[in-house]
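Structure assessment
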Amino acid sequence: MAKGFKYGGYIGQLLRVNLTNKGITKEPLREDWARDFVGGVGLSARILYDELPPRVDALGLENKLVMMTGPVNGTIIPAASRSSVCAKSPYTGSFFHSIFGGFLGPELKFAGYDGLIIEGQADYPVYLWIDDDKVEIRDAGHLWGKDPFKTQEVLRKEIGDEEIHIATIGLAGEEKASYAMILCDIRAAGRGGMGAVMGSKKLKAIVIRGTGGVTVPNVLKVYNTAIKLNELIATTPAVQGLSQYGTPRNVAAMNEGGILPTRNWQTETFAGMVNITGEAMREKVVKGDRACFACSINCTKYSVVPKGPYKSIINGADYETIYGFGSACAVDNIEALCKADELCDEYGIDLISTALCIAWAMECYEKGIFTREDTDGIDLKFGNADGMLQMIEKIGKREGLGALLAKGTRAAAQIVGKDTCRFAIQNKGLEWPGHTCRPFPACAVGYATGPRGGSHHDIRPTPEKSGLVDRKILEGKGALAAEINHWLILADSTLLCHLAEPIWGPIKINDSLIEALNSVTGWELDYQGARKIAERQWNMIRCFSAREGFTREDDQLPVRFMEEPVPEGPMKGSYIPRETLERLKDDYYTYRGWDLKTGNPTKAKLSELGLDFATEDIG
Amino acid sequence: MAKVKVKTFSVIRDVLGADVVEITVDNPETVSGLFEALLRLYGQPFKDKIWDPNTGEMAPFLMRLNETIIRSTSDMNMEIRDGDELAIIFPIGGG
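In this convention, every chain numbers its residues from 1, walking through the sequence in written order. Following the order in which they are written, the chains are lettered starting with A and the ligands numbered starting with 1. With the structure being a predicted model, the display of local features is reserved for residues of pLDDT at least 70 and the display and counting of side-chain atom pairs for 80 or more, all residues being used for whole-chain, interface and lining totals.

Topic: the overall build of chain B
The criterion, for reference: Strands are runs of DSSP state E lasting at least 2 residues, helices are runs of H or I lasting at least 4, and numbering of each runs from the N terminus. The globule rule used for comparison is 2.2 Å times the number of residues to the exponent 0.38, while the radius of gyration itself is calculated over C-alpha atoms. As a rule, residues whose C-beta atom has 12 or fewer other C-beta atoms within 10 Å are exposed, those with 20 or more are buried, and those in between are partly exposed; C-beta atoms are placed from the backbone. Contact between residues is assigned whenever the C-beta positions, reconstructed from backbone atoms, fall within 7 Å.
Along its length, chain B carries two helices and seven strands. On C-alpha atoms alone, chain B measures out to a radius of gyration of 13 Å, which is about the 12 Å that the 2.2 N^0.38 rule sets for 95 residues. Projecting the C-alpha coordinates of chain B onto the three principal axes gives extents of approximately 35 × 25 × 25 Å. Here chain B holds 95 residues, and the buried ones make up 40% of them. Intrachain contacts of chain B at a sequence separation of at least 6 include 54% that bridge at least 24 residues.

So, in C-alpha cells, the structure goes:
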C-alpha cells in the first residue's frame, strides 16, 4: 500500500527494464488492472496482451518477460510464496506462465516492486541488480557459460550479501534451448522455455535485495486468517504427509490405483515402484526438509547421494522427477533419479520435458526406430539409468541425439516421422506431467483446452482421482473443468501454492482462497465476484492464444490417450476416444460461452467480462 | 468372521505400522464397518489421516477392493468378505 496505493498487499509500483537502451523506469501499478486481474498470471496476461504485438517472435526483440508477485506475497499468509514468470513461449507459441516458490517473489516486493517487466535485448551478457530503490544493469560476461549454482555462488561473493535472492539461467537458457528454465535460488520456473526468453535477452541473472515490507489494511485480520489457514494445512488429510515425504508421498498409492505413468505412458503401473516412493527416498537420500517463505507445509526435501556414480545434492526429488526419470523411463534407482534432477538444474533445462523426450527416445529405440548408431552408442533401453543420464548430458550440451531431443517431442517426432508422433506425449508442444487423464474426463478436457497444453496446473485430476466426483460420468465435466480452471488461475494470480489444493479448491474457488485475498487487500469479494475475476483472467489468456492463431483444432490430447486404452491394472481400458473429447470440448465451450466452431470467446462473453478491447483482435 | 487385508501407503501406512495389515471383521461386513474397525484399533492418529476435522466427514479418496476401484464418497456400503483386499489410494494436493 506504499505510495498511496488503494489496495492492501500491493506495493503499487512496477519496475520496467529495457535491455536495449538500458532504460530503467519505475511506474505506478494501474489500480483498475490490480482490481480486475489481481496480480501474478492474470495481471501479466493483461500486460502482455496490451504490450506485445500479435505473433511476435518469442526469442526476438519484441517479446517481454514479466516476473510478477501477488498481493499475498511477503505477508504471513502460508502457502503464498510463489511468483510467476510470463512471456510468449518459444516452446508452445502462446502466452505461458511458469510459477516458482521460495523467497524471490517476496524479496521483490520488499525491494519495492509488485512486478518486473524486462524488454529489449542486451548486446552483451548482463545481470540485473535490484537493491531496493537502486537498480543497475551490470556486465555478466564473467558469468556467461556458468551453471546456475556456480552463478549464484559468484554473485553472492561479488555482491557480498548472503541474503540476496537470485534468478538465473544455465547453459540451455544462454543458447535459447527450447525448454530452458530459470532457476530461482533453489526453485525452478521450469516450464515453457522461460529461460530461453531470458537468454534471448542476454540476461544471465536477476539479483534482488529488499529491506522494505508489505502493508495491509488490517493486521489482525491477516493474522487471524493466517492462523486459520495454518490450522487447515496441519489438519486437512490431503495436505498431510507433504512435510514427511514431499510430493512423492503419493507414488505408491498412484501405482496401486493404476495411474502411475510408465514406459512413456505405454502403461500406468510400474513394477519397480517400491524403490522410488517417497518412503524409499526418505529412507535412502533425504537429509532434511525445507520450506518456502512463511509456509508451514515444508514440502521440499534436501537430498544427498554422498558418493558413487550418482553422487549429487538436490532439493528434491519432487514427484515429477520420480515420474519422469523414474516410471516414465522405467528407472527404479532413486540415487540415479537424484543425479538426473541435479543435471537438469545444472544445465538449466526443464526436467519434465527432458524426461519425456528421453522416454520418447527410449520407445523409439525399443521399437527399432532408433539404433545404437542413432543414440551415439548408448543402449537407450527402458530402465537403463546410465544411458538416461548420458542422454541428459547430451540434451544439455545439444550433442548428437541430444540436439534432436532438445527440440522437444513434437518437433523431434516431426523430424523422425515413422508415426512417432503417436507416442510423443505432448499437447500444444508441452510434454506431460505425471498426472493421467485417461480415466478422468474433466481432467482430459482441461488438458486439451488448457493454454499451456501439458500442464497439470491448468487443470487438476484431483476431484475425479479422489472420487469426490464420479470419474465415469461425462455429463457436467465441461463445467467442472472450467471451475477447476478458475480456482487455479485465481490462485496463480493471488500467488498461492497449489500444494494446498484442498484449501484453495479443489472443485471450485474455495472460501479460504477468497478470505486470503480479501484479508490482505481489504476487498470484500464474494464467490461470484471472485469467480468473475477468474473467468476474466482465463478469457484474457484465451484471447492471447486466439490472437496468435490458436483454434479449437489445437485443443487436442496426445494421440496415445485418444487411441490406446490403459492395457492393465485397475484402470485397464480407460482412454478418451476422439469423439468423446470432441463432445467434452462442446460441453466446455458451451459452459464458457465460447464459439463452438472456433473455440474463441464470443463478443457477448468478452463484453460481460470487460474485455471488449479484444473483440476485434480475435475476429 | 472375515479376515480382510488392508493395504496403505505413506502417512496412513505409518499409522498402521505395516504395508499390509489383516483385520478381522464380521462376514460379510461393509467397507464402512471395516473403517470403524480400523478406527477402533488405531484410534485418533488414524482418524486424523482419514476424517477431515474441519468438516467432520471422511475425506474423499479411492480404494481398490480386490480388482475394482471404489470411492469413499459413494461406495462405503459395499460388502466385503473373507479373503478380500482393500487398498486405500489417498490423493495428494498440488504436486
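Considerations on the nonpolar core
Test applied: The nonpolar core is taken to be a set of buried Ala, Val, Leu, Ile, Met, Phe, Trp, Tyr and Cys residues joined by way of C-beta atoms within 7 Å.
Judged by nonpolar contacts, the single largest core of 237 residues is most densely connected at Ala-361, Ala-444 and Leu-496 of chain A. Counting residues per element, this core draws most heavily on helix α13 (residues 351-366) of chain A, which supplies 12 residues.

A word on the packing of α13 of chain A against helix α14 (residues 385-397) of chain A
All names here are of chain A. Going by this rule: The convention used is that axes are lines fitted to C-alpha atoms, helices contributing only their stretch in contact, and that angles between N-to-C directions extend from 0 to 180 degrees. Convention used here: angles under 35 degrees read as roughly parallel, angles over 145 as roughly antiparallel, angles from 65 to 115 as roughly perpendicular, and any remaining angle as oblique. Helix crossings are classified by the rotation of the near helix relative to the far one: an anticlockwise turn of less than a right angle makes the crossing left-handed, while a clockwise turn makes it right-handed. Under the grouping applied here, Gly and all other residues not named as nonpolar or charged are polar, the nonpolar ones being Ala, Val, Leu, Ile, Met, Phe, Trp, Tyr, Cys and Pro and the charged ones Asp, Glu, Lys and Arg.
Where α13 contacts α14, the axes come no closer than 10 Å and their chain directions differ by 120 degrees. As summarised for this structure, α13 and α14 are arranged oblique, according to the angle between their axes. Crossing of α13 over α14 shows right-handed handedness. Every residue of α14 that contacts α13 at Thr-354, Cys-357, Ile-358 and Ala-361 is listed here: Met-388, Met-391, Ile-392 and Ile-395. Its residues placed into classes, the contact of α13 with α14 shows seven nonpolar, one polar and no charged.

Observations concerning the interface of chain A and chain B
Across the contact, 33 residues belong to chain A and 26 residues belong to chain B. For the side of chain A that touches chain B, the secondary structure elements donating two or more residues are α7 (219-235), α8 (242-245), α9 (251-256), α10 (278-284), α18 (462-465) and α20 (501-504) of chain A. Each residue belonging to the side of chain A that touches chain B can be placed in one class, and the counts come to 14 nonpolar, 13 polar and six charged.

A look at the domain arrangement of chain A
Residue and element names in this part refer to chain A. Stated formally: Segmentation of the chain into domains, including their bounds, is taken from an automatic or database domain assignment.
Entries for chain A in the domain assignment read domain 1 (2-209), domain 2 (246-430) and domain 3 (438-556 + 577-618). Its C-alpha centre places domain 2 at a distance of 29 Å from the equivalent point of domain 3. In this assembly, eight residues from domain 2 lie in contact with 11 residues from domain 3.

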